[in-house]
Amino acid sequence: MDVLHGWRRSRASGKFARGPGFQVILIAAALALPAVLVQAWLAAHYSGFSKYLLLEGAIFATSCCLILALLARWQVVGRLSWIAAWSVYLLWIILVLAEAVSYSLQDDTFNARFFAHLEPRNLDTGLHGFPLLIGGGLAFLFVLGIAAAWLLRRLSRWRAPQPGKGRIVLRIAGVAALAALALLVNSTPARLAHYLVQYRRSFSFAGTPEGQHVYREINPNPVPRHFVLASPGKNLVWIYMESLERAYTDDKALPGLTPNLDRLRAHSLDFPGFETFHGAGYTMAGIFASQCGAPFYTSPFAALDPLSGNNTDKTNFQHKLACFGDVLHKAGYKQVFMGGAPISFSNKGLFFHLHGYDEALGKGELEAQYQGGLAAEGWGLYDEDLFRIAEQRYRKLARSGHPFNLTLLTLDTHPPHARPSPGCPSYPASENLVLQGVHCTDYLVGKFIDDISRDPAWKNTMVVIMSDHLRMVTEGGISRGPGRHPLLFVLNAGVTGERDTRIYHMDIAPTLLHLMGVSTNASFIAGEDRSSPRAADNPLVASRVTDSVLRKALWQRAGDFQLCKNGVLLSELPISTFQLGGRKFKVENRGKRQVALTSDQFLAFVTMQSNAAAILLPRDRLDRQKAWRGKASLLTVAPQDGTESDGDLFSVDWVGVNGAKAHLADVEGLRGLKLSSPDCASLLRQADQAPEGQTFDFSDNFVASVEPPPTLDESGRIDFTSETAYPYEQLIGWHPATSWGSYTEGDFAQFGFRLPQQHCTEAVMTLTARPFLVPSRPKLDVSVLVNGKPVTRWHLSGSGTEPRNLSFPVRPDQDCSAIVRLIYARPGAKPEPYPKGEDPRDLQLVIYSARLQPSQDDSAQVASRP
């Protein structure tokens with residue numbers, strides 16, 4: 001092997017001479033050195049890049065470059081060997097330089113924040129903001145690429161003798177050893193691969209038990225944007241301060257740094273419990289999360305959009321979601337966003353235009369208005385000019401006669417350093433540029449608020465001042481680590497004081513809408529109003545599972561929506577989930593999973609051309625649907641009167657846009673339901689176009705099929721304390737299974753099963769159950785029907801604390817199925833309202849288990865046991 005013989009002893013002189021192996025080592029070292037130097041610079045300047053990472057990076061660089069040099073030297077793929085080696089080398093160097101840029105801007109390796117900004121449209125802004133870092137990096141890459149190509153091409157031209165079999169084995173073993181060494185260390189490619197693998201794996205976490213718990217803490221189906229209703233409240237000025245976190249206002253640690261913010265905060269509603277959640281750690285993420293009530297999740301492959309033709313930003317920005325700007329737009333607000341950076345950076349302009357803003361103005365738009373007379377450096381315009389223009393726009397909006405929202409984003413404190421406006425007073429306690437930038441922003445915000453407070457519109461204007469996110473690279477007077485908080489306080493809200501409640505960016509939109517006095521039906525996936533002194537903490541805890549659930553709840557809303565695809569209108573999926581128009585909807589009540597309807601509820605799918613929402617409502621709302629559905633069609637699944645002995649249990653109907661009603665099907669259950677028709681789209685269109693009062697019966701046109709009940713195992717037992725009971729329940733009258741059993745609720749509940757063919761005979765089923773008996777409802781009568789025929793009746797009274805065995809005969813039908821319906825009555829019950837402290841729900845039986853046993857005597861009548 002040439003490397004092992006890099007120094008050969010000359011037979012004539014007995015001295016070492018430089019052979020081809022030495023050339024390979026020399027070129028490999030030359031190729032590895034630039035990457036090692038880049039990472040040495042990172043280790044020297046950034047605490048996040050440790051000396052251990054430098055050591056491992058050097059090992060990887062040496063191993064990788066030796067492999068590439070050997071592959072070029074041995075011409076493994078012929079004349080293309082050096083090109084292949086050069087391509088791999090160039091890709092690796094690009095990764096090293098990209099990670100260096102990531103550390104220099106956020107002191108961290110590849111993450112969501114890095115990929116969110118890795119877009120071609122951001123390159124121009126990056127070059128203006130960091131000409132030496134990004135421009136120099138590109139020049140360095142260009143020179144290094146040429147040098148590497150020359151070295152590898154020259155190496156491949158040296159002729160190597162044909163190796164023998166033994167030498168080939170040595171070569172393979174040597175390269176394998178180098179490859180193993182490269183794979184074992186924590187290198188730049190390994191860190192990228194780790195992030196991408198974790199990104200892919202995270203999608204599976206939503207289906208875990210932990211994920212189901214998170215689902216119960218969120219509202220996965222908020223009111224869609226097109227269904228939002230709103231009436232106006234106060235005007236709003238919303239100031240996002242770039243990277244200016246709460247630690248900068250600590251007067252003990254940094255005396256006199258933020259006197260204006262401190263002065264304003266003393267007369268405000270302050271939120272010291274404001275924390276950063278995943279998906280809100282950089283500017284665009286903080287804006288989205290605070291306006292849309294959900295974290296901001298991006299794809300690491302967004303940079304490929306121009307090649308793929310996709311528009312990931314449009315998906316990420318959730319154009320179907322009702323955000324803060326959409327609510328104010330419905331309420332008639334004039335809305336303007338202004339920032340000093342280019343509006344194309346992170347595609348902020350698209351976000352604001354998608355979500356109700358009338359204007360989104362950045363560096364280019366503002367310069368055009370002032371004929372290029374505005375000073376700009378690096379990222380964009382100075383904050384001094386931004387606030388001066390904003391004051392003028394405020395007065396213009398105040399005179400417009402419309403409610404308004406003026407949203408601003410500062411720039412002077414942008415990491416990794418800062419760039420104070422030229423006219424700002426200096427901070428005498430330190431020469432640190434970041435602290436100077438913070439002091440400058442404090443001065444400009446204070447001056448701006450003082451100026452607009454003299455306008456008559458001030459009395460009806462609420463002002464929000466907040467950090468867009470925590471500082472990414474901490475260089476000026478604050479330390480890294482836990483316990484850091486963004487800044488958030490509200491002026492002119494009508495209330496003052498502190499709210500220690502844990503609040504995230506996602507809670508800000510609903511909180512501000514409440515404080516402004518905006519009346520709306522809008523709701524948010526992961527945020528609620530936290531302005532009350534008694535408001536509870538946001539229950540979400542940042543984790544991969546929480547991210548997975550929220551990402552799924554968001555991204556499934558952005559998917560294509562198509563009714564009647566392949567003729568299928570509605571289908572039921574496992575565990576109370578329905579599919580409509582390519583979207584999945586869970587049966588949920590106020591964001592919490594519900595495994596079945598009760599007899600006094602109906603499930604409504606509110607549909608429009610591009611979206612839908614699943615809502616579970618009381619049955620008395622069915623007749624008043626037009627008042628809340630607006631200009632939308634409605635697909636309803638409603639229980640029929642369960643006291644009748646017929647087999648059909650649910651009615652499926654369509655209510656057109658104008659109010660016409662079409663009956664689609666009657667079904668005996670919802671488990672595995674599939675509702676389809678080859679004329680599905682035209683039939684629904686006919687109902688949508690018909691006037692109110694007209695009725696149709698399309699039940700002969702639609703085919704409705706349901707799954708048969710599952711077959712009991714040999715034990716004949718159903719465990720209602722486990723999720724294994726779900727397939728037996730018929731989606732009516734049940735609560736989710738818990739360790740203490742399954743509650744039934746409403747006028748009736750139903751479950752079904754099939755007997756094994758060899759045991760398809762008359763049998764006795766015994767329920768182990770506990771009746772829900774309280775002073776206002778001291779008795780419970782239960783009529784039991786099997787396959788629509790009454791078989792027994794139980795009269796239950798006395799203690800409602802102990803389980804009891806309740807038996808009834810079972811006669812299966814021809815296909816060995818048994819559908820059991822439990823119909824409830826409450827003799828002697830007191831009318832509502834029930835006594836204070838008593839559970840007001842219409843609970844009936846808590847069922848622990850069911851056991852089926854063959855009948856010992858077919859003629860025996862099974863008596864009930866009270």
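Peer 1: Whenever I open this one, the pattern of salt bridges confuses me. Can you help?
Peer 2: Pairs may arise between side chains of opposite charge once their charged atoms sit close together. Applying the stated criterion across every chain yields a total of 21 salt bridges. For the salt bridge of E572 with R671, the shortest nitrogen-to-oxygen distance reads 3.8 Å. Pair noted here: E572 is in strand β15 (residues 568-573) and R671 is in the loop between β24 (661-667) and β25 (674-676), with a separation of 99 residues, a long-range link. Side by side, E572 and R671 carry an identical accessibility label, which is buried. Because the salt bridges share partners, they merge into one network encompassing R246, D262, R265 and D270.

Peer 1: Just checking my understanding: could you explain empty space enclosed by the protein for this structure?
Peer 2: Over the atoms a probe the size of a water molecule is rolled, and this reveals where empty space is left. Here the structure, examined in full by the defined rule, presents three cavities of 30 Å³ or more. Lining the second largest cavity, in full, are E668, G669, L670, R671, V706, E707, P708, P709, Q730 and I819. Here the residues of the lining of the second largest cavity are counted per class, giving five nonpolar, two polar and three charged.

Peer 1: I'm lost on helix α11 (residues 283-292) in this one. Help?
Peer 2: Every α-helical turn comprises 3.6 residues, leaving residues that sit three or four positions apart pointing alike. Most of α11 is tucked away, with ten of its ten residues classed as buried. Restricting attention to buried positions, one finds in α11 the residues T283, M284, A285, G286, I287, F288, A289, S290, Q291 and C292. Downstream of α11 by one or two residues, G293 has phi in the positive range, about 70°.

Peer 1: What is the right way to look at the sheet that holds strand β27 (residues 703-705) in this model?
Peer 2: Reading across from one edge, β17-β16-β15-β25-β27 is the order of the five strands in this open sheet, with antiparallel pairing throughout. Whereas interior strands pair on both sides, the edge strands pair on one side only; in this sheet they are β17 (583-586) and β27. Put simply, the sheet's adjacent strands are angled 15° from each other on average, direction ignored. Where β15 and β25 come together, three bridges link them in antiparallel fashion. Among the inter-strand pairings, S571 is bridged to a residue of β25, identified as K674.

Peer 1: Is there a simple way to explain the nonpolar core in this structure?
Peer 2: Note that soluble globular proteins tend to have their nonpolar side chains buried in a common cluster. Of all hydrophobic cores here, the largest spans 67 residues; its most connected members are W238, F324, M462, V490 and L540. When residues in this core are grouped by element, the largest group, six residues, is from helix α19 (residues 508-516). Beyond its immediate sequence surroundings of up to four residues, L540 is in contact with V214, E217, I218, F277, R502, Y504, M506, A526, T546 and L550.

Here is what the cut-offs are and how they apply
- Residues numbered from 1 in each chain as written.
- Predicted model: local features only at pLDDT ≥ 70, side-chain atom pairs only at ≥ 80, totals over all residues.
- Heavy atoms only, no water.
- Salt bridge = Lys/Arg side-chain N within 4 Å of Asp/Glu carboxyl O.
- Helix = DSSP H or I, 4+ residues; strand = E, 2+ residues; numbered from the N terminus.
- Buried < 20%, exposed > 50% of the residue type's maximum accessible area, 1.4 Å probe, protein only.
- 1 Å grid on protein atoms, 1.4 Å probe; cavity = no way out; pocket = protein on both sides within 12 Å on 5 of 7 lines; lining within 4 Å.
- Points joined across faces, edges and corners; volume = space filled by probe spheres on them.
- Nonpolar A, V, L, I, M, F, W, Y, C, P; charged D, E, K, R; others polar.
- Pairing = 2+ DSSP bridges.
- Axes fitted to C-alpha atoms, helices over the stretch in contact; angles between N-to-C directions.
- Core = buried A, V, L, I, M, F, W, Y, C linked by side-chain atoms within 4.5 Å.
- Contact = heavy atoms within 4.5 Å.

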